[in-house]
Amino acid sequence: MTEKKQFLEAGRIVNTHGVRGEVKIQPWADSPEFLKDFGTLYIDGAPVKVRSARVHKGCVIASLEDIDDVNGAMRLKGKLVSIDRRDAKLPEGGYFIQDIIGARVVDENGAEVGTLAEVLNLPGSDVYVVRGEREILIPAVPQFILSRDIDAGVITVRMMEGL
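Residues numbered from 1 in each chain as written. Predicted model: local features only at pLDDT ≥ 70, side-chain atom pairs only at ≥ 80, totals over all residues. Heavy atoms only, no water.

Visitor: So what exactly am I meant to see when it comes to the nonpolar core here?
Guide: When a protein is soluble and globular, its nonpolar side chains tend to lie buried together. One finds Val-23, Ile-25, Leu-35, Leu-41, Leu-64 and Ile-83 to be the most contacted residues of the largest nonpolar core, which totals 21 residues. Elements with a minimum of two residues in this core: strand S1 (7-17), strand S2 (22-27), strand S3 (40-43), strand S4 (46-56), strand S5 (59-64) and strand S6 (80-84). Residues within four places of Leu-35 in sequence aside, it is in contact with Ala-10, Ile-25, Pro-27, Leu-41, Val-60 and Ile-83. With 17 residues, the next largest nonpolar core counts Val-113, Val-141, Ile-145 and Ile-155 among its residues. (Core = buried A, V, L, I, M, F, W, Y, C linked by side-chain atoms within 4.5 Å. Buried < 20%, exposed > 50% of the residue type's maximum accessible area, 1.4 Å probe, protein only. Helix = DSSP H or I, 4+ residues; strand = E, 2+ residues; numbered from the N terminus. Contact = heavy atoms within 4.5 Å.)

Structure representation (structure tokens):
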């Protein structure tokens, strides 16, 4: 596994909101509540203080320091928003998807299955795209994902016929 990135992409500014310079952020997290609690976001690598943030229809509406009108907010439209992992408060056992991409995937007997290439966020559950001799899709649910050792970069899975 490679070293964990300090700054993680966490969403995109998709629009302005109102006339006072608020921006609408589409979060890339389990829930928008996670993103709204950050006091500093990073846009183009630069720290930007968050004056206030609230959740609205699955997005985060944020008022950012030095953005006081719709014209200022419009200049940010389309920009990626990052967070500093040191500011994140993950729940017990929580992890960033970024930290498991590239992990070795092995079966319960230790046999190599492949490498985690992508995580699809689907309505029923996340699905791991594992590339090895062939591409395998594995639902990220307890009956298939036996363990995730984030530090070692190894995910142990239970294979079933058809996978």
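Visitor: In this structure, what is going on with the packing of aromatic side chains? I would like to understand it.
Guide: Pairs of aromatic rings are described using the distance from one ring centre to the other and the angle between the two planes. This model, assessed by the stated rule, comprises 3 aromatic pairs. Relative to Phe-38, the ring of Phe-34 lies with its centre 5.3 Å away and its plane at 70°, an arrangement referred to as edge-to-face. Assessed through its relative accessible area of 21%, Phe-34 is described here as partly exposed. Using a relative accessible area of 6% as the deciding quantity, one classes Phe-38 as buried. Between the aromatic rings of Phe-34 and Phe-96, the centroid separation amounts to 6.4 Å while the plane-to-plane angle is 65°, which identifies the pairing as edge-to-face. Note that Phe-34 is positioned in helix H1 (residues 32-36) and Phe-96 in the loop between S6 and strand S7 (104-107), a separation of 62 residues in sequence. An aromatic cluster is defined as three or more aromatic residues linked by ring pairs; in this entry it consists of Phe-34, Phe-38 and Phe-96. (Phe/Tyr/Trp six-rings, centres within 6.5 Å; stacked < 30°, edge-to-face > 60°.)

Visitor: Would you mind going over the pairing of strand S11 (residues 145-149) with me for this structure?
Guide: Every regular strand shows the same layout, with side chains that alternate between the two sheet faces. Pairing between S11 and strand S12 (residues 154-157): 4 bridges, direction antiparallel. Bridge pairing links Asp-149 to Val-154 in S12. (Pairing = 2+ DSSP bridges.)

Visitor: What exactly am I supposed to notice about the pairing of S6 here?
Guide: Here S6 lies mainly inside the structure; 4 of its 5 residues are buried. Pairing of S1 with S6, which is carried by 5 bridges, proceeds in the antiparallel orientation. By the bridge assignment for S6, Phe-7 is matched with Asp-84. Relative to S6, S3 runs antiparallel, the two being bridged by 2 bridges. Across the sheet, the residue bridging to Ile-43 is Val-81, located in S6.

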